[in-house]
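# A look at the structure
This is what each chain is made of:
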Amino acid sequence: LLLLLLLPGLVDGLSSPPTFTVNLDLPPAQRWSGVANTILASRTWAESLGGALDIDTGLLAVLKQVTPAQFELMNTALQTHFPDYYAELRGMQQDFASAGHHVDFSRFVGWAYVHELSHAFPMESSRECTGVLVQPPGSSRGPLQGRNLDDNPSPILRNITLHTIFTRGGKILFEGAGFYWLSSGVMTAFKAGVLSVQENYKFYQWPNHTLMDLDTMLKQIQTGVLPQAFLFRQLMSSDSPSLSFASAVQYLATVPLAAPYYGIAAGPAACEGAVVTYAMDNRRIDYICNNTEESWFMAQTNYDWFEPDNPKDARRTAAVHSLRSLGQAVAASAVGVTSVVFTPPVSNGDTVMTCVMDVAGGSWHVLVH
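Overview of the structure. (Residues numbered from 1 in each chain as written. Predicted model: local features only at pLDDT ≥ 70, side-chain atom pairs only at ≥ 80, totals over all residues. Heavy atoms only, no water.)

Moving on to unusual backbone geometry. With an omega of 0°, the peptide bond running from Pro344 to Pro345 counts as cis. With respect to the element layout, Pro345 can be found in the loop between helix H13 (334–341) and strand E12 (351–358). Positive phi values are uncommon outside glycine, yet Ser184 reaches one of about 70°. Tracing the backbone shows Ser184 in the loop between strand E5 (171–178) and strand E6 (188–191). Since its relative accessible area comes to 0%, Ser184 is described here as buried. The phi dihedral of Cys271 is positive, around 70°, even though this residue is not glycine. Take Cys271: it is sitting in the loop between strand E8 (261–266) and strand E9 (273–278). Classification of Cys271 by relative accessible area gives partly exposed; the value is 32%. (Helix = DSSP H or I, 4+ residues; strand = E, 2+ residues; numbered from the N terminus. Buried < 20%, exposed > 50% of the residue type's maximum accessible area, 1.4 Å probe, protein only.)

Structure (structure tokens):
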């Protein structure tokens with residue numbers, strides 16, 4: 001709300017998403033009860049959940065190339081290695097049926113593994129996400145984080161975006177935002193005073209996306225490798241005091257996965273900002289205050305930040321230019337970070353939502369485009 005008031009010209013037409021609370025004290029099959037009606041209260045099935053679960057368009061289009069036997073392998077892997085998440089998805093399927101819409105369970109399985117599967121098939125879009133970290137000058141507090149979530153079909157994905165609050169024992173464990181709740185996971189997470197974190201899709205090279213071997217990927221899935229959709233839930237769901245920026249970054253860089261990604265994280269203390277570059281053959285952690293580009297900011301899209309930007313996708317170049325133009329004192333504020341991530345083409349027609357996260361200040365804002 002504060003950002004909407006401070007930036008009226010910049011954020012016209014944006015809104016806060018609906019909020020849904022996931023009570024982890026409930027049996028897994030009941031945790032998402034009511035989520036379908038939360039979405040359908042303001043949108044039709046076709047323009048929201050129906051479109052998001054359609055394998056003919058959008059993210060799930062890759063499922064058309066997956067055989068029934070491969071679906072069954074993934075289904076068994078979920079049920080065997082992640083029984084709570086599996087039960088949550090079964091409960092979600094029932095919740096949709098109670099709202100009058102039967103959905104084949106393979107769609108939910110597809111959402112759980114869509115990030116992995118998308119690395120095995122050709123993709124049309126190369127714009128997926130942007131993450132920006134900005135360290136305030138002369139301060140002991142940690143960086144602010146700006147996050148754009150870009151994807152297609154953006155109108156439908158905007159209509160299913162939720163602010164999710166995960167609770168246990170009546171207390172908030174962490175919060176999430178986005179549309180990956182359809183997998184029971186999150187790709188953007190926030191825990192006040194502890195951590196903010198986002199996932200960015202990683203393309204191996206431009207202009208062509210290097211494909212991974214599907215059989216190799218499925219073998220990893222079969223052995224119980226963690227789906228990327230569950231990565232932040234696994235990280236944030238513990239109420240252990242041992243969760244910290246340092247432990248989170250190490251986890252993001254070392255957890256076994258079946259596909260590459262970028263992890264962008266911020267903590268509450270000065271210089272607690274990092275980009276994890278997770279490739280299948282190597283891992284790299286770059287910290288904000290050691291950044292060779294500038295020691296007060298980092299900008300990450302879907303290509304290695306330490307390589308030349310994709311000439312067909314200049315979002316990172318535009319973000320860096322905006323950060324330098326504003327300067328550290330101005331950029332290191334909620335308004336400054338918002339201005340950077342709203343700069344075209346950092347913000348573009350595929351942008352679904354924007355988050356501005358302040359771990360040290362204990363606040364975050366989620367805006368749907």
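It is worth spelling out the side chain of Arg316 at this point. Turning to its location among the elements, Arg316 is positioned in helix H11 (residues 315–326). For Arg316, a relative accessible area of 8% puts it in the buried group. Every residue in contact with Arg316, bar those within four places of it in the chain, is listed here: Glu293, Ala299, Gln300, Thr301, Trp305, Glu307 and Asp309. (Contact = heavy atoms within 4.5 Å.)

A word on empty space enclosed by the protein. The full count for this structure, using the stated rule, is 2 cavities of 30 Å³ or more. Taken as a whole, the second largest cavity encloses approximately 40 Å³ of empty space. In this structure, the second largest cavity is lined by Thr164, Ala177, Gly178, Phe179, Tyr180, Trp181, Gly185, Val186 and Met187. Here the lining of the second largest cavity is composed, by residue class, of 6 nonpolar, 3 polar and no charged. (1 Å grid on protein atoms, 1.4 Å probe; cavity = no way out; pocket = protein on both sides within 12 Å on 5 of 7 lines; lining within 4 Å. Points joined across faces, edges and corners; volume = space filled by probe spheres on them. Nonpolar A, V, L, I, M, F, W, Y, C, P; charged D, E, K, R; others polar.)

To continue, consider the pairing of E6. With burial as the criterion, each face of E6 is covered, one bearing Thr188 and Phe190 and the other bearing Ala189 and Lys191. Pairing of E5 with E6 involves 2 bridges; the strand directions are antiparallel. Note on E6: the bridge partner recorded for Glu175 is Phe190. Two strands pair when backbone bridges link them, and E6 and strand E7 (residues 195–200) are joined in this way by 4 bridges, in the antiparallel orientation. Counterpart to Lys191 in the pairing with E7 is Leu195. Hairpin connection between E6 and E7: a loop of 3 residues separates the two successive antiparallel strands, and Gly193 in this loop has a positive phi of roughly 80°. (Pairing = 2+ DSSP bridges.)

Once that is clear, we can look at the packing of aromatic side chains. Following the criterion strictly, the structure yields 22 aromatic pairs and no others. Their ring planes at 80° and their centres at 6.3 Å tell us that Trp32 and Phe166 sit as a pair that is edge-to-face. Highlighted residues: Trp32 in the loop between strand E1 (19–23) and helix H2 (35–40) and Phe166 in strand E4 (residues 162–168), separated in sequence by 134 residues. Considered together, Trp32 and Phe166 belong to a single accessibility category, that of buried residues. Between Trp305 and Phe306, the ring centres sit 5.7 Å apart and the planes meet at 85°, which makes this aromatic pair edge-to-face. (Phe/Tyr/Trp six-rings, centres within 6.5 Å; stacked < 30°, edge-to-face > 60°.)

We now examine the nonpolar core. Of all hydrophobic cores here, the largest spans 93 residues; its most connected members are Phe96, Trp111, Tyr113, Trp181 and Leu182. A total of 8 residues in this core trace back to one element, the largest contributor, which is helix H6 (residues 105–118). Apart from the residues within four sequence positions on either side, Trp111 is in contact with Ala52, Leu53, Leu59, Leu60, Leu157, Phe179, Tyr180, Leu182 and Ser183. Of all hydrophobic cores here, the second largest spans 20 residues; its members include Trp296, Ala319, Ala331 and Val340. (Core = buried A, V, L, I, M, F, W, Y, C linked by side-chain atoms within 4.5 Å.)

On to the packing of helix H4 (residues 68–81) against helix H5 (residues 83–98). One way to put it is that H4 packs onto H5 with a least axis distance of 5 Å and a crossing angle of 120°. Counted together, Asn75, Leu78, Gln79, Thr80 and His81 of H4 and Pro83, Tyr86, Leu89 and Arg90 of H5 form the full contact between these two elements. Partitioned by chemical class, the residues of the contact of H4 with H5 number 4 nonpolar, 4 polar and 1 charged. (Axes fitted to C-alpha atoms, helices over the stretch in contact; angles between N-to-C directions.)

Turning our eyes to something else, we now look at the pairing of E9. Burial analysis of E9 places 6 of its 6 residues in the buried class, the great majority of the element. Burial along E9 is two-sided: Gly273, Val275 and Thr277 and Ala274, Val276 and Tyr278, pointing in opposite directions, are all buried. Taken together, the 6 bridges between E8 and E9 define a ladder with antiparallel strand orientation. For Tyr262, the partnering residue across the bridge sits in E9 and is Thr277. Once E8 ends, the chain turns through 6 residues before running back antiparallel as E9, passing Cys271 with a positive phi of about 70°. Of the pairings in the sheet, the one linking E9 to strand E10 (residues 283–287) comprises 5 bridges and is antiparallel in character. Within E10, the residue paired with Thr277 across the bridge is Arg284. Between the end of E9 and the start of E10, which pair antiparallel, lie 4 residues.

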